[in-house]
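# Structure at a glance
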Amino acid sequence: MSDVAVAEVGLLDRAWKRVSLLWRDMAASVGATSADASWEARMRACLEAPGGEVSARARAAGLAQSYQTAPEAADRLAFFQALAGFDSDFKAVEAAMAEVSAAKDPASRAAAKARLRQALEPPRLKLLTQFTAIPDGMKFLVDMRADLMRLMGQDPMLKALERDLCGLLASWFDLGFLELRRIDWDSPASLLEKLVGYEAVHRIRTWRDLKNRLDSDRRCYAFFHPRMPEEPLIFVEVALVKGLSGSVQKLLDEKAPVLDPRLADTAIFYSINNCQRGLDGISFGNSLIKRVVALLQEELRGLKTFATLSPIPGFRRWLEEVKEEPGLLTEEESKALAEAAGTPDGISALLLVLAARRPLSLAWIGKAEPVLTRLCARYLVLETGRDGRRARDPVGHFHLSNGARVERINWRGDISEKGLKESLSFMVNYLYDPAKIEDYHEAYVGEGSRAAPAALRKLARGGR
């Protein structure tokens, strides 16, 4: 385990112990329900026991501590099943619906609908809201939803509970409540440790690597919630460079000279990471990129281009699926690949590329570059998912729905083991043109149209 990984484990362990002690002390301050009682009994006590706000908070803290210390997944599943049981009263909902149907005028109908909404609200929402009043309660709920999403497949009744919790979190984490902050080398060590732990696109291996990513020609911005002030929700890493970057290894080279930011003409967004699994489905990325573009435009007037250097995680998997599709290769491509690889046909050569543990080590791989580049263009510009509209590549869908366009494909963009495994070393630049973001967004979301240069679009259609 690396030094940064060890540091992060220690940090999280200390944080959990601190919160656990706070919850224990709060729970002990009132006559809380016995820890031996069932989950249902303890939840009912939180909802119905007498006492004011302090007592309710203490019982919620005790329940949260018991959940966190539950030793097995089965215990947490039982917790969720009990919580799901605190649903709306069916008879009350039925009666309220009858009142709406029987209403004779707009005023009485409006009043009846208000009573129906009240009847539909399940008691579990009140209990979930109680958790927000305890120390680190918002983080507890976010982590709890992450657990719930892992377990909900075991009981269909949990789906409604997950939707309730997701709805609450979506309202509490509305963009209007979030704060955009820059993270730099002078940020608290605890925050830098979390940055290391949450980086999932291009792993941070050493403190020197981290320092390089936070140097003067780099920027890192994150969204924070006021109730989780030291927990980033999502962050983006940016490199200030000259021209489009086509290789992530060169971009992250610790020995590369530091560029004066005032001389940069391009901002490259090379890593975007969602930090909280429990906030999946609650989108921040679109707003984050637009806010950062605006900040950089204001800070550095010389910046003219805003683009990503993005992975293509689904390319190799797609190629495996279509490798023997009739017409995948043109006659010229098949002949060129067969001659280069010494195989009977082009498909056999393509199979050698896909079977190689490190395709770039093949002596003839350079001859395959034009063919693979065309296939990659087809995948990014034309291939769709099951709905027949959205881009098949998940990263591509994210950026296109945010208003970007597919700008350039980069062979040997990521020659790491991960890059070779996922995309045969290809990366792509998505361009964010501030003047056209909204137009591209509307065209993609409304019609499924993907913005791309004419040359790239022609390349994508070349084999069809």
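Parameters and conventions
Residues numbered from 1 in each chain as written. Predicted model: local features only at pLDDT ≥ 70, side-chain atom pairs only at ≥ 80, totals over all residues. Heavy atoms only, no water. Helix = DSSP H or I, 4+ residues; strand = E, 2+ residues; numbered from the N terminus. Buried < 20%, exposed > 50% of the residue type's maximum accessible area, 1.4 Å probe, protein only. Contact = heavy atoms within 4.5 Å. Areas by Shrake-Rupley, 256 points an atom, 1.4 Å probe, with all protein chains shown as cover. Lys, Arg positive; Asp, Glu negative; His and termini not counted. Charge placed at Lys NZ, Arg CZ, Asp CG, Glu CD. Axes fitted to C-alpha atoms, helices over the stretch in contact; angles between N-to-C directions. Parallel < 35°, antiparallel > 145°, perpendicular 65-115°, else oblique. Nonpolar A, V, L, I, M, F, W, Y, C, P; charged D, E, K, R; others polar. Salt bridge = Lys/Arg side-chain N within 4 Å of Asp/Glu carboxyl O. Core = buried A, V, L, I, M, F, W, Y, C linked by side-chain atoms within 4.5 Å. Pairing = 2+ DSSP bridges. Phe/Tyr/Trp six-rings, centres within 6.5 Å; stacked < 30°, edge-to-face > 60°. Lys NZ or Arg CZ within 6 Å of the ring centre and 35° of its normal. UniProt positions renumbered as here; feature names shortened; annotations may be inferred.

Moving on, we get to the overall build of the protein. Secondary structure summary: the protein contains 21 helices and seven strands in total. If one aligns the C-alpha atoms of the protein with their principal axes, the spans along those axes are about 80 × 55 × 45 Å. The proportion of buried residues among the 464 residues of the protein is 50%. Put simply, 74% of the contacts in the protein that link residues at least 6 apart link residues at least 24 apart. Summed over its atoms, the accessible surface of the protein is roughly 22600 Å², and 53% of this surface lies on carbon and sulfur atoms. The positive charge centre, built from 66 side chains, and the negative charge centre, built from 63, are 2 Å apart in the protein.

All right, on to the packing of helix H14 (residues 315–322) against helix H17 (residues 365–381) then. Taken N-terminus to C-terminus, the directions of H14 and H17 make an angle of 100°; their axes are 11 Å apart at the nearest point. With respect to their mutual orientation, H14 and H17 come out roughly perpendicular. Contact residues: Phe315, Trp318 and Leu319 in H14; Leu372, Leu375, Cys376, Arg378 and Tyr379 in H17. Of the residues that constitute the contact of H14 with H17, the class distribution is seven nonpolar, no polar and one charged.

What follows is about the pattern of salt bridges. Should the charged atoms of two oppositely charged side chains come close, the side chains can pair. For the coordinates displayed, the defined rule picks out 26 salt bridges. Among the salt bridges present, the one from Arg208 reaches Glu254, with a minimum N-O distance of 3.2 Å. Remark: Glu254 occurs in the loop between helix H12 (248–251) and strand E4 (266–274) and Arg208 occurs in helix H11 (residues 207–213); sequence separation between them is 46 residues. In this structure, Glu299 and Arg219 form a salt bridge, with 2.6 Å as the shortest nitrogen-oxygen distance. On the criterion of sequence distance, the pair formed by Glu299 in helix H13 (residues 285–299) and Arg219 in strand E2 (residues 218–224) is long-range, its members being 80 residues apart. Here Glu299 falls in the partly exposed class, since its relative accessible area comes to 38%.

Glancing now at the nonpolar core. Most often, soluble globular proteins have nonpolar side chains that are buried together. Phe131, Phe173, Phe315, Leu319 and Leu372 are the most contacted members of the largest nonpolar core, which has 106 residues in total. Looking at this core, the element that brings in the most residues is H17, giving ten residues. Beyond its immediate chain neighbours, meaning those up to four positions away, Phe131 contacts Ala60, Leu63, Ala64, Gly137, Phe140 and Leu141. Listed in part, the 14 residues of the second largest apolar core include Leu191, Ala222, Phe224 and Cys275.

Moving on to unusual backbone geometry. A positive phi angle, near 60°, is found at Arg412, a position not held by glycine. Overall, the relative accessible area of 40% leaves Arg412 in the partly exposed class. For Leu424, which is not glycine, the phi dihedral falls at a positive 55°.

Below, the discussion takes up the side chain of Ser287. Mapped onto the fold, Ser287 is located in helix H13. On the basis of relative accessible area, Ser287 is assigned to the buried category, the value being 18%.

As a further point, take the pairing of strand E7 (residues 427–431). Strand residues, when the strand is regular, have side chains that alternate between the two faces of the sheet. A large share of E7 lies buried, amounting to five of its five residues. Bridge analysis of strand E6 (residues 405–410) against E7 gives five bridges, and the strand direction is antiparallel. Along E7, the bridge assignment pairs Asn410 with Met427.

For the rest of this paragraph, the subject is the side chain of Asn402. Checked against the element boundaries, Asn402 lands in the loop between helix H18 (394–401) and E6. Classification of Asn402 as buried rests on a relative accessible area of 5%. If near-sequence neighbours (up to four positions away) are discounted, Asn402 is found in contact with Gly285, Asn286, Ile289, Lys290, Tyr432, Ile437 and His441.

Moving on: the packing of aromatic side chains. Enumeration according to the criterion identifies eleven aromatic pairs in this entry. Ring geometry for Trp411 and Phe426: centres 5.2 Å apart, planes at 55°, overall tilted. Remark: Phe426 occurs in the loop between helix H19 (417–423) and E7 and Trp411 occurs in the loop between E6 and H19; sequence separation between them is 15 residues. A relative accessible area of 1% places Phe426 in the buried class. Each residue in the set Trp39, Tyr67, Phe79, Phe80, Phe131 and Phe140 is aromatic and connected to the rest through ring pairs, giving one cluster. The ring centre of Tyr67 lies 4.5 Å from the NZ or CZ of Arg76, which sits over that ring. One cation-aromatic arrangement involves Arg181 over Phe224; the distance from NZ or CZ to the ring centre is 3.8 Å.

Residues annotated by UniProt as "domain: Malonyl-CoA decarboxylase C-terminal" (unreviewed entry) correspond here to residues 176–433. As annotated, residues 176–433 has a helix share of 38% and a strand share of 17%, and its two end C-alpha atoms lie 24 Å apart.

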